[in-house]
Each structure stands twice: as C-alpha cells, then as structure tokens.
Amino acid sequence: MASYSTNEFKRGLKVMLDGDPAAIIENEFVKPGKGQAFNRVKLRNLKTGRVIERTFKSGESIEAADVIETDMQYLYSDGDNWHFMDPETFEQISADEKAVTEAKQWLKEQDICTVTLWNGVPLSVTPPNHVILKVTETEPGIRGDTATGGNKPATLETGAVVQVPLFVNEGDLIKVDTRTGSYVSRAKE
Amino acid sequence: MTPPLVHWQPTASLQILQLRARTLARIRQFFDSRKVLEVETPLLSAAANTDPQLENFSTLTGSGKRLYLNSSPEFAMKRLLAAGSGPIYQICKAFRQEESGRCHNPEFTLLEWYRPGFDHHQLMDEVEQLVGILLDPPLTPNGSERLAWREAFQRHANIDPIRADCSGLMKCTRNHGISTTDRLADGDREGWLDLLMTHVVQPRLGRGRLTFLFDYPASQAALSRIDHTVDPPTAERFELFLEGIELANGFHELTDSKEQRQRFLQDRQQRSKAGLPLPPLDENLLAALEHGLPDCSGVALGIDRLLMLISGTTHIDQVLSFPSARA
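Residues numbered from 1 in each chain as written. Chains lettered and ligands numbered in written order. Predicted model: local features only at pLDDT ≥ 70, side-chain atom pairs only at ≥ 80, totals over all residues. Heavy atoms only, no water.

Undergrad: In this structure, what is going on with empty space enclosed by the protein? I would like to understand it.
TA: In this approach a probe as big as a water molecule rolls over the atoms, and the regions it shows empty are the leftover space. This model, assessed by the stated rule, comprises three cavities of 30 Å³ or more. Looking at the largest cavity, its volume works out to about 450 Å³. Forming the boundary of the largest cavity are 32 residues, of which Arg96, Phe108, Leu110, Glu246 and Arg305 of chain B lie nearest the centre. Those elements giving two or more residues to the lining of the largest cavity turn out to be β6 (107–116), β11 (245–252), β12 (296–302) and α9 (303–311) of chain B. Of the residues that constitute the lining of the largest cavity, the class distribution is 13 nonpolar, nine polar and ten charged. In this structure, the second largest cavity occupies an estimated 60 Å³ of space. Residue lining of the second largest cavity: Pro32, Gly33 and Lys34 of chain A together with Trp149, Phe153, Leu193, Asp194, Met197, Tyr216, Gln220, Arg237 and Glu239 of chain B, and that is the complete set. For the lining of the second largest cavity, the elements supplying multiple residues, two or more each, are α4 (149–156), α6 (189–201) and β10 (234–242) of chain B. Of the residues belonging to the lining of the second largest cavity, the class tally is six nonpolar, two polar and four charged. (1 Å grid on protein atoms, 1.4 Å probe; cavity = no way out; pocket = protein on both sides within 12 Å on 5 of 7 lines; lining within 4 Å. Points joined across faces, edges and corners; volume = space filled by probe spheres on them. Helix = DSSP H or I, 4+ residues; strand = E, 2+ residues; numbered from the N terminus. Nonpolar A, V, L, I, M, F, W, Y, C, P; charged D, E, K, R; others polar.)

Undergrad: What's the story with the packing of aromatic side chains in this structure? I'm lost.
TA: Each pair of aromatic rings is reported with the distance of its centres and the angle of its planes. The final tally for this structure, using the stated rule, is eight aromatic pairs over all chains. Between the aromatic rings of Phe9 of chain A and Phe56 of chain A, the centroid separation amounts to 5.4 Å while the plane-to-plane angle is 85 degrees, which identifies the pairing as edge-to-face. Of this pair, Phe9 of chain A sits in the loop between β1 (3–5) and β2 (14–17) while Phe56 of chain A sits in strand β5 (residues 51–57), placing them 47 residues apart in sequence. When its relative accessible area of 3% is taken as the criterion, Phe56 of chain A is described as buried. Seen in terms of ring centroids, Phe30 of chain B and Phe31 of chain B are 5.1 Å apart; in terms of plane orientation they differ by 90 degrees. Their pairing is edge-to-face. Here the two residues Phe30 of chain B and Phe31 of chain B agree in accessibility, since each one is buried. Taken together, Phe30, Phe31, Tyr89 and Trp113 of chain B form an aromatic cluster joined through their ring pairs. It is Arg146 of chain B that lies over the ring of Phe212 of chain B; its NZ or CZ is 4.9 Å from the centre. The ring of Tyr216 of chain B has Arg237 of chain B lying over it, and the distance from NZ or CZ to the ring centre is 4.1 Å. (Phe/Tyr/Trp six-rings, centres within 6.5 Å; stacked < 30°, edge-to-face > 60°. Buried < 20%, exposed > 50% of the residue type's maximum accessible area, 1.4 Å probe, protein only. Lys NZ or Arg CZ within 6 Å of the ring centre and 35° of its normal.)

Undergrad: How should I be thinking about helix α5 (residues 166–175) of chain B in this particular structure?
TA: Note: α-helices contain 3.6 residues per turn, so residues at a spacing of three or four share the same orientation. All names here are of chain B. Of all the residues in α5, the buried ones are Leu169, Cys172 and Thr173. Down the axis of α5, the smallest arc covering the buried residues is 100 degrees, so these residues share one side. With respect to the buried face of α5, the exposed residues turned more than 90 degrees away are Lys171 and Asn175. Of the residues trailing α5, Gly177 is marked for its positive phi of about 75 degrees. (Arc of directions from axis to C-beta.)

So this is what it looks like as structure tokens:
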C-alpha cells in the first residue's frame with residue numbers, strides 16, 4: 001500500500017486516518033530551537049465531513065487513501081440508490097443515500113457530477129456549481145415586477161426549496177448556485 | 001508544445017527587499033560601532049553538525065569527496081575565536097533539509113555572533129539592544145521579559161516539566177486538545193516536552209514583547225555549558241521569542257573539548273540507532289577547543305523571521321526573494 005511521509009504532506013492529499021479516508025486541509029511544520037519537529041495537520045474525514053486535528057512526528061509515514069474524483073453522469077434514483085455512469089466507459093455505479101445527502105436535492109438526470117470514489121465505492125457526490133431546474137410550486141408571480149425586491153419560496157423539480165424573486169412562476173426554469181443554494185437567474189432550456 | 005507552468009516572479013515585495021537591505025545595513029552598523037569584526041567562513045565543510053534532529057545537505061566534489069553545507073557557521077567561527085579573533089559576527093546562509101513551512105525554508109539567513117568574556121545573560125542584554133532598535137516601532141523600556149524554562153511551562157501549560165513523568169506530560173497535551181498519532185505515545189520524555197513546547201508554550205511566548213527563555217534542562221543543552229551547582233543542573237542556554245516565533249538561540253559556550261567529543265559521540269549513537277546518516281566528527285573544532293576556546297557566549301538569530309516580525313508578514317515566503325519551491 002502506498003504511503004506518504006510528512007514531508008509530502010500538502011493540502012488536498014488523501015490519507016487514511018483511524019480507518020477512514022481523510023483529506024489534508026492544512027499542514028503546519030513546527031520545530032523547537034533544538035529538538036523534535038512535528039507536522040500539525042488539519043484533516044477532513046471524507047466519510048463524516050468532520051474536521052480533525054492531528055500532530056505527527058516529522059518523518060513519520062501515513063497510509064495513502066485510494067480516493068479519486070471522477071466526472072460521472074447522473075442517471076436516476078430508485079429511492080435507495082443513486083445511479084451514475086462514466087460517460088467514456090459507460091460503466092455504471094450506484095451511490096447510497098449517505099454519499100448524496102448534500103447533493104441529492106440538486107441532482108438532475110443527465111447532469112455531470114463529480115463523484116469521489118474510495119476503493120471504487122462512491123463516498124460523496126458534488127453536483128455542478130450551477131444547475132438549471134424547473135419550478136414546480138410557488139405563489140403566483142407578480143407580472144412585470146422585476147425591479148422591486150422581495151423573495152418567496154419556490155419548490156423545484158428535485159424537491160429543493162430556494163428563495164426566488166416575486167416574478168418567478170411555476171413552470172419557469174431557473175439557474176441555482178448549488179454551493180450556496182441560492183437563485184442566480186431565470187434560464188432557458 | 002506548451003511550456004511548463006513556471007513561477008519566475010519573486011514572492012517578496014520590493015518594499016520587503018528594501019527592508020531586508022536596510023536591516024542588514026543597520027546590523028552591520030551596530031556591530032561596527034561595537035568593534036565586533038565581520039567574518040566569513042566556508043559554507044561547504046568536510047564535517048557537519050551531529051544533532052540527530054537536524055538533517056544536513058551534502059554534495060560531492062569532482063573527485064568524489066563528500067562536503068556538507070553548513071547548518072550554522074558555529075564550528076568554523078569557534079575555530080576563529082580559538083585562534084584569537086576576538087568578538088566576531090557573521091551574516092550567512094544556513095541549510096537544513098526537510099525544514100519547510102510557515103517559519104522554515106531549507107535555505108535561510110542567519111546572523112551569528114560571539115562575545116568573548118560574556119556569559120549568556122550579558123549576551124541576552126546585547127540581543128535585546130540589537131533587536132530593540134531593529135523592530136518597528138523600536139522596543140520600549142519594559143518591552144522585554146526573562147523567563148526560566150521551567151516557569152514558562154508552569155505559567156503557560158500548567159505543568160511542572162521537571163517533576164512530571166511521561167504520562168503526566170501526555171495528559172497535559174490531551175488537556176490542551178492536542179491529538180497525536182500512536183508513535184508519540186512511547187516513553188520519549190523529550191518528545192513530549194518538545195510537543196508541549198511547540199504546541200502550547202511557544203505560541204504564548206513573546207506576546208507584545210520579547211520573551212527570553214533561559215535555564216534550559218541539561219538534556220537540551222546542545223552546545224552550551226551545564227551549570228552543575230544547581231539542582232537539577234541547567235543548561236546555560238537561552239532562546240528569544242516574539243509573537244510566538246522563535247527568533248534566536250544562544251549559549252554560554254561549552255569550551256571543554258572532552259565533553260564536546262562526548263556529546264558528539266552521543267549524538268552519533270542516537271543517529272545510528274535511528275538509521276540516520278553519520279557525518280564525520282569535526283576534528284578541527286575539537287582540536288581548536290583543545291587548543292583553547294576563550295570563555296564566550298554566542299547566539300544565532302534568524303534574519304528571515306525577524307523580517308517577518310518587523311513587516312508583519314505571516315509566511316517566510318513573503319520575505320524571501322525566491323523560496324525553495326521557486327529556487
């Protein structure tokens with residue numbers, strides 16, 4: 001199994017920590033005037049999302065995690081699993097609910113997502129930064145009112161609820177920023 | 001073919017480069033006015049520091065002889081002192097492998113000076129005077145404190161580092177929310193002390209003023225004298241901290257060649273146990289000590305870190321024209 005020495009530590013490196021895959025967020029080298037050097041590291045557990053601090057003796061090695069990020073097309077959900085396809089090999093994989101907790105409200109069939117795989121199994125799914133989704137339910141729009149402020153909730157075809165301007169109607173397509181969950185603009189197909 | 005992505009630009013601003021030049025000029029002025037002689041010693045040497053926690057760079061001559069890049073100019077400067085140089089200083093590059101981070105670059109600038117006839121307390125006074133005028137704004141009276149090593153742990157980590165055993169030190173790190181890997185959990189007392197120092201004590205030192213730490217434990221004497229008249233014996237060594245950053249390390253220098261050889265051999269033993277390379281002993285230094293090193297104190301001060309503190313920058317790359325990643 002591949003491993004990394006502390007002097008290879010850098011942001012983004014994927015390693016095994018306490019049996020879980022983790023990504024290095026921050027790595028600080030500290031050393032007293034005379035004596036042992038340490039690497040003071042912040043990591044994100046890729047299964048739970050929790051941030052952990054851990055100090056290593058400099059020169060120590062740590063097992064690498066077989067974690068890759070790959071672009072895959074979202075196909076459909078059967079309620080228990082979410083199915084994705086590699087657009088080049090047409091190979092299909094399925095992700096369980098844990099992997100899509102954050103992403104599922106933005107997943108639209110055929111959109112290209114980033115799937116993080118650990119030993120070939122989806123760990124998490126990141127939707128595109130921007131998605132275009134249909135409004136399925138909202139209070140009727142106020143025609144012509146494109147200038148004054150004010151928002152209202154709108155339910156989208158994926159079940160997500162976002163705040164939209166008053167002029168948005170049911171059946172409209174809107175562009176949403178999935179990183180913040182906020183409305184960007186109206187959109188055409 | 002597309003050329004590879006390069007970062008040819010310096011990481012330090014022009015203002016910082018000017019600050020560096022100005023600071024070096026003021027240091028030279030300071031020592032010139034005090035009749036301390038500027039010297040140069042070789043960066044490449046046939047011998048090297050044996051400190052087990054320090055990894056030397058080395059290179060080969062055309063004829064296959066191994067030479068080491070100096071990790072500090074200490075050994076050669078002591079040979080000058082033994083030859084009768086009187087007080088001397090040097091501004092030079094020093095090289096240490098595997099040291100890279102917010103306050104470390106594998107190649108860095110040191111100011112090192114020696115004062116025959118000074119003990120480490122007198123040298124602390126002079127360090128304070130020099131750093132005091134280089135800081136911006138200059139150091140105010142009462143802008144400096146002297147703190148014994150033991151008291152620093154008591155004050156900032158709430159533990160007596162001399163009485164505490166390994167499990168006590170371990171518990172103390174846990175109480176401060178520091179989580180380590182299993183490999184630290186062995187009976188390595190010095191390792192736990194280093195951990196507490198770097199993670200808990202040091203970040204609290206030098207806040208808003210200079211903190212000189214002194215009376216180090218004999219186990220951390222490095223190349224300093226050990227005072228056996230106190231119990232437990234203490235090393236006549238000091239370090240200077242400002243805003244949690246270690247700026248300088250000084251010794252009332254060990255002059256006994258037999259003890260020096262003993263310490264080198266101990267280092268080599270530790271290196272060999274840890275599977276580290278074994279650089280040759282500096283027989284030139286030992287011969288110079290045998291001939292007679294005057295009673296003196298010496299200190300090394302990190303110029304790059306000093307520039308970080310003067311300029312208020314947070315990463316060493318910001319004060320280096322080209323850090324190792326761009327060198």
